[in-house]
Amino acid sequence: MRLTEIFGANVRRVRKARGMTLETLATEAGLAYSYMGGIERGQKNPSLNVAEKIAKVLESDPATLFCEPPKAK
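To keep things clear, this report deals only with the structure shown in the data block. (Residues numbered from 1 in each chain as written. Predicted model: local features only at pLDDT ≥ 70, side-chain atom pairs only at ≥ 80, totals over all residues. Heavy atoms only, no water.)

**Section: helix α2 (residues 22-29)**
Right, on to step 1. Taken together, the buried positions of α2 are occupied by L22, L25, A26 and A29. Seen end-on, α2 carries its buried residues on one side only, within an arc spanning 95°. Seen from the buried face of α2, the exposed residues on the opposite side, beyond 90 degrees, are E23, T27 and E28.
Right, on to step 2. Following α2 by one or two positions, G30 adopts a phi angle in the positive range, close to 75°. (Buried < 20%, exposed > 50% of the residue type's maximum accessible area, 1.4 Å probe, protein only. Helix = DSSP H or I, 4+ residues; strand = E, 2+ residues; numbered from the N terminus. Arc of directions from axis to C-beta.)

**Focus: the nonpolar core**
Right, on to step 1. Among the nonpolar cores identified, the biggest contains 18 residues, and F7, V11, L25, M36, I54 and L58 are the most heavily contacted of them.
Right, on to step 2. Listing elements by their share of this core, those giving two or more residues are α1 (3-17), α2, α3 (33-40) and α4 (48-58).
Right, on to step 3. If near-sequence neighbours (up to four positions away) are discounted, F7 is found in contact with I39, P46, A51, I54, L65 and F66. (Core = buried A, V, L, I, M, F, W, Y, C linked by side-chain atoms within 4.5 Å. Contact = heavy atoms within 4.5 Å.)

**Focus on α1**
Right, on to step 1. Between its first and last C-alpha, α1 extends 21 Å over 15 residues, near the 21 Å set by a 1.5 Å rise per residue.
Right, on to step 2. Close packing links the buried residues of α1 with α2, α3 and α4.
Right, on to step 3. Two residues or fewer after α1 comes G19, characterised by a positive phi angle close to 70°. (Expected span 1.5 Å × (residues − 1).)

**Some details on the packing of α2 against α4**
Right, on to step 1. Packing of α2 against α4 brings their axes to within 9 Å, and their N-to-C directions diverge by 120°. Classified by the angle their axes make, α2 and α4 are oblique. Every pair of crossing elements has a handedness; the one defined by α2 and α4 is right-handed. Facing L25, E28 and A29 of α2, the residues of α4 in contact are K53, I54, V57 and L58.
Right, on to step 2. The class makeup of the residues in the contact of α2 with α4 is five nonpolar, no polar and two charged. (Axes fitted to C-alpha atoms, helices over the stretch in contact; angles between N-to-C directions. Parallel < 35°, antiparallel > 145°, perpendicular 65-115°, else oblique. Left-handed = near helix turned anticlockwise from the far one by under 90°. Nonpolar A, V, L, I, M, F, W, Y, C, P; charged D, E, K, R; others polar.)

**Overview of the side chain of N10**
Right, on to step 1. Among the secondary structure elements, N10 is positioned in helix α1.
Right, on to step 2. The exposure class of N10 is buried, given its relative accessible area of 1%.
Right, on to step 3. A polar side-chain atom of N10 sits 3.1 Å from a polar atom in the side chain of R13.
Right, on to step 4. Discounting chain neighbours no more than four positions away, the residues touching N10 are T64, L65, F66, C67 and P69. (Polar contact = N/O pair within 3.5 Å; in protein donor to acceptor, adjacent residues only side chain to side chain.)

See below:
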């Protein structure tokens, strides 16, 4: 998995766990809805500043959003 895909999957997972819509996340992070969707799909490569904004809105440690989740057994 590429780092952009890992980041996007983690953002989606945390966002959904917080009961937040994609539109709400995008708005609160100051990003376009379509750009945020591209990030979650691993199609966009966000800057570190954007990654930090997203993590802040999600109330998450930015570093954890870049970590590949453990493999299911």
